[in-house]
Amino acid sequence: MPIVTPLDRGTILTWLREKDPSRLQSLWQAADETRRSHVGDEVHLRGLVEISNYCRRQCAYCGIRAGNRGVVRYRMTQREIVDCARHAKSLGFGTVVLQAGEDMGLTGAWVSELLRAIKSETALAITLSLGERTSEELAAWKQAGADRYLLRFETSDPELFRKIHPSLSSTAVSDRMAQLRVLRTLGYEVGSGVMVGIPGQTWDSLAQDILTFQSLDLDMIGVGPYIPHPDTPLGVSSEDAGQEQVPSSEQVVYRVLALTRLMCPEANIPSTTALAAVNKKQGRQLGLMRGANVIMPNLTPDAYRISYAIYPDKACLNETMQVGPSAILQQLASWGRKVGQGHGGRRRKAQGVRE
Ligand code: 5AD
């Protein structure tokens, strides 16, 4: 049976719950063909630098939430971060991704200065992933050289969002959607995404997440399995959505990845670190074979990496990918893929459609 896109909600739901290996084979194939015809065989490499693990939020799932007293907090210096950017450049990567907890110690001015320093030394594209920030800060950072911004909405279900984001003041999924629109207006390439298998997440809401990716016309979409962290409220809770609960399994993540590729054919979609964490041997590769076209090798210095444990086993997950340029090249070639050149920004088939 041919797969006709765009898929409607009912079809997405059916595919999400599909378990038959031969039918799934046709889903993988359709996603892989769509990936090839829209974004090609190039795999873009983004060097991930986790610049601070301070966080003011209390996200119920996240190991670096403010309430976790067991975390040794760090904030990298500008010099250390610029060194990591140089490392990304020396490896031939086109992008550096600066990620942190929601750290107010990373002031607007400080981040602007950092962006200028990186841009003066490298021609890398810069992606920021610093949480919810003011429109003024986002505008200043764009001016200072930021190209892209990642802010996952985590789930499109407003109830579930509220439950897992006990907030400082008020946080709602609509605030995240509003920031994504601001980012777009400011000229950023905009990325978002969700976790798969959050306790309380239903199949129906997961289908809605995929429809939301499409309606937001996202440039980048990150999807990974929810991995329980024992030092978090959600990690030790036994509540879930019963019969309708989405399992936090690797298999469901592949289905979400493939459906996301079919619905958002031009998007840059990473084969995420969380996927590699649940299947160290093959997670990255299978992600790339089922819709993904981006890898984000971790370039955070070891001394800090260990403290950026948003989920267990992340810190010690030493790249299953060897990070040396020739090793990556070889690995990708063995999968029939090649290293992306240049910034690897979103390519649009129809020019001039960006509002
Ligand atoms: N399991 C899986 N992913 C997680 N993230 C945070 N905590 C976890 C967890 N326990 C993801 C969130 C966040 C991204 C940086 O990491 O989706 O947006």
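Thresholds, definitions, all that
- Sequence order as written defines residue numbering, which begins from 1 separately in each chain.
- The predicted nature of this model means local features are confined to residues of pLDDT at least 70 and side-chain atom pairs, given and counted, to a pLDDT of 80 or more, with totals for whole chains, interfaces and linings taken over all residues.
- The basis for every side-chain value is the complete set of heavy atoms in the structure, and neither hydrogens nor water enter the calculation.
- Secondary structure elements are taken from DSSP: a helix is a run of H or I of four residues or more, a strand is a run of E of two residues or more, and numbering for both begins at the N terminus.
- Categorising residues by exposure relies on relative accessible area from a 1.4 Å probe, with only protein chains included: less than 20% of the type maximum marks a residue as buried, more than 50% marks it as exposed, and the intermediate range marks it as partly exposed.
- For every accessible area listed, the method is Shrake-Rupley and the probe measures 1.4 Å; residues are considered covered only by the protein chains on display.
- A residue counts as positive if it is Lys or Arg and as negative if it is Asp or Glu; His and the chain ends are not included.
- Charge positions come from single atoms, namely NZ of Lys, CZ of Arg, CG of Asp or CD of Glu.
- Each reported salt bridge corresponds to a side-chain nitrogen of Lys or Arg within 4 Å of a carboxyl oxygen of Asp or Glu.
- Axis definition: a line fitted to C-alpha atoms, over the contacting stretch in the case of helices. Angles run 0 to 180 degrees between N-to-C directions.
- Angle categories: roughly parallel below 35 degrees, roughly antiparallel above 145, roughly perpendicular from 65 to 115, and oblique for all the rest.
- Two helices crossing with the near one rotated counterclockwise from the far one by less than a right angle form a left-handed crossing, whereas a clockwise rotation gives a right-handed crossing.
- Contact criterion: two residues are considered in contact whenever any of their non-hydrogen atoms come within 4.5 Å of each other.
- Three classes are used, and their members are as follows: Ala, Val, Leu, Ile, Met, Phe, Trp, Tyr, Cys and Pro are nonpolar, Asp, Glu, Lys and Arg are charged, and the others, Gly among them, are polar.
- Summary of the distance rule: residues count as near a molecule or strand when at least one heavy atom falls within 4 Å of that molecule or strand.
- By the criterion applied in these results, polar contacts are pairs of N or O atoms within 3.5 Å in which, for protein atoms, one can donate a hydrogen and the other can accept it, and in which residues neighboring in sequence qualify only through two side-chain atoms.
- Being paired, for any two strands, means DSSP has found at least two bridges between them.
- Joining through side-chain atoms within 4.5 Å is the link that ties buried Ala, Val, Leu, Ile, Met, Phe, Trp, Tyr and Cys residues into a set, and such a set is a nonpolar core.
- Stacked, edge-to-face and tilted labels apply to pairs of Phe, Tyr and Trp rings (six-membered ring for Trp) whose centres lie within 6.5 Å, assigned for plane angles under 30 degrees, over 60, and everything in between, in that order.
- Two limits define a charge over a ring: the Lys NZ or Arg CZ must be within 6 Å of the ring centre, and within 35 degrees of the ring normal.
- Each residue carries a pLDDT score, the predictor's confidence in it, ranging from 0 to 100.

Asks: Would you explain the overall build of the protein chain in this entry?
Replies: Scanning the protein chain from N- to C-terminus turns up 13 helices and 8 strands. For the protein chain, the spread of C-alpha atoms along the principal axes amounts to about 55 × 45 × 40 Å. A total of 355 residues make up the protein chain; the buried ones form 57% of that total. Surface exposure of the protein chain reaches about 14700 Å², of which carbon and sulfur atoms provide 52%. The centroid of the 42 positive side-chain charges in the protein chain is displaced by 3 Å from the centroid of its 37 negative side-chain charges.

Asks: What should I look at first to understand the side chain of Arg290 in this one?
Replies: In this structure, Arg290 sits in the loop between helix H11 (283-289) and strand E7 (294-295). Despite its burial, Arg290 remains without a salt bridge, the nearest opposite charge being carried by Glu250 at 6.4 Å.

Asks: Looking at this model, I keep getting lost on unusual backbone geometry. Mind explaining?
Replies: Most peptide bonds take the trans form, and the phi angle of most residues other than glycine is negative. Cis peptide bonds are those with omega within 30 degrees of zero, and the linkage from Thr5 to Pro6 qualifies with -5°. Summarising the element assignment, Pro6 is placed in the segment before helix H1 (9-16). The backbone of Asp217 sits at a positive phi, close to 50°, despite the residue not being glycine. Within the secondary structure layout, Asp217 lies in the loop between helix H8 (203-216) and strand E6 (220-225).

Asks: What exactly am I supposed to notice about the packing of helix H4 (residues 108-121) against helix H5 (residues 135-144) here?
Replies: Two numbers describe a pair of packed helices, the interaxial angle and the distance between the axes. At a minimum axis distance of 8 Å, the contact between H4 and H5 shows a crossing angle of 15°. Looking at the two axes, H4 sits roughly parallel to H5. The crossing of H4 and H5 is right-handed. Taken together, the residues of H5 that come into contact with H4 (itself represented by Gly108, Val111, Ser112, Leu115, Arg116 and Lys119) are Glu137, Ala140, Trp141 and Ala144. Among the residues forming the contact of H4 with H5, the class breakdown is 5 nonpolar, 2 polar and 3 charged.

Asks: Sorry if this is basic, but what is going on with the environment of His87 here?
Replies: Summarising the element assignment, His87 is placed in helix H3 (residues 78-90). For His87, a relative accessible area of 37% gives the class partly exposed. Taking the C-alpha atoms as reference, His87 lies 33 Å from Gly67; in sequence the two are 20 residues apart.

Asks: Can you walk me through the site of the ligand in this structure?
Replies: Neighbouring the ligand are Tyr61, Cys62, Gln99, Arg152, Glu154, Met195, Pro225, Tyr226, Ile227, Ile310 and Tyr311. Taking Ile227, its main chain carries an N or O atom lying 2.8 Å from a nitrogen atom of the ligand. If the ligand stood free it would expose 400 Å²; the protein chains cover 86% of that surface. For the shell around the ligand, the residue count by class is 8 nonpolar, 1 polar and 2 charged.

Asks: I would appreciate a short explanation of the pairing of E6 in the present structure.
Replies: Here is the key point about a regular strand: its side chains alternate between the two faces of the sheet. The element E6 is extensively covered by neighbouring structure, given that 6 of its 6 residues are classed as buried. Burial along E6 is two-sided: Met220, Gly222 and Gly224 and Ile221, Val223 and Pro225, pointing in opposite directions, are all buried. Direction of pairing for strand E5 (residues 189-196) relative to E6: parallel, over a ladder of 6 bridges. Residue Val196 lies in a different strand from E6, and its bridge partner there is Pro225.

Asks: Can you help me understand the nonpolar core in this one?
Replies: Nonpolar side chains in soluble globular proteins tend to be buried together. Core analysis: the biggest nonpolar cluster contains 96 residues, and Leu98, Leu128 and Trp141 have the highest contact counts within it. With 9 residues, helix H9 (residues 250-263) is the single largest residue contributor to this core. If we ignore the near neighbours within four places in the chain, the residues touching Leu98 are Val49, Ile51, Ile81, Leu114, Ile118, Ile126, Thr127, Leu128, Ser129 and Leu130. Among the nonpolar cores identified, the runner-up in size contains 6 residues, and Val97, Leu150, Met220 and Val294 belong to it.

Asks: For this particular structure, what's the right way to read the packing of aromatic side chains?
Replies: One pair of aromatic rings is described through two measures. These are the centre distance and the angle between the planes. For the structure on display, the rule yields 4 aromatic pairs. Considering the side-chain rings of Trp28 and Tyr254, the 6.4 Å spacing of their centres and the 80° angle between planes classify their relative orientation as edge-to-face. Pair noted here: Trp28 is in helix H2 (residues 21-39) and Tyr254 is in helix H9, with a separation of 226 residues, a long-range link. For Trp28, a relative accessible area of 7% corresponds to the buried category. Both rings, one in Tyr74 and one in Tyr304, keep their centres 4.7 Å apart while their planes meet at 20°; by these two values the pair is stacked. Of the two residues, Tyr74 is situated in the loop between strand E1 (42-52) and H3 and Tyr304 in helix H12 (residues 302-305); the sequence distance between them amounts to 230 residues. Residue class for Tyr304 comes out buried when judged on its relative accessible area of 19%. For the cation-ring pair, Arg75 lies above Tyr54, with the distance from its terminal atom to the ring centre recorded as 4.6 Å. Looking at Lys142, its charged tip hangs above the ring of Tyr188, at a distance of 6.0 Å from the centre.

Asks: How should the confidence of the model for the protein chain be read in this particular structure?
Replies: Should the pLDDT be low somewhere, the predicted coordinates at that spot are not to be read in detail. For the protein chain, mean pLDDT is 94; residues scoring 70 or higher make up 95% of the total. Note on residues 351-355: pLDDT under 50 across the span, and 7 contacts to partners over four residues away in sequence or across chains.

Asks: Teacher, can you tell me more about the environment of Val294 here?
Replies: Mapped onto the elements, Val294 comes out in strand E7. Distance from Val294 to His44, taken between C-alpha atoms, is 4.7 Å for residues 250 residues apart in sequence. Ignoring any residue separated from it by four or fewer positions in sequence, one finds Val294 in contact with Val43, His44, Arg46, Asn268, Ile269, Pro270, Ser271 and Leu288.

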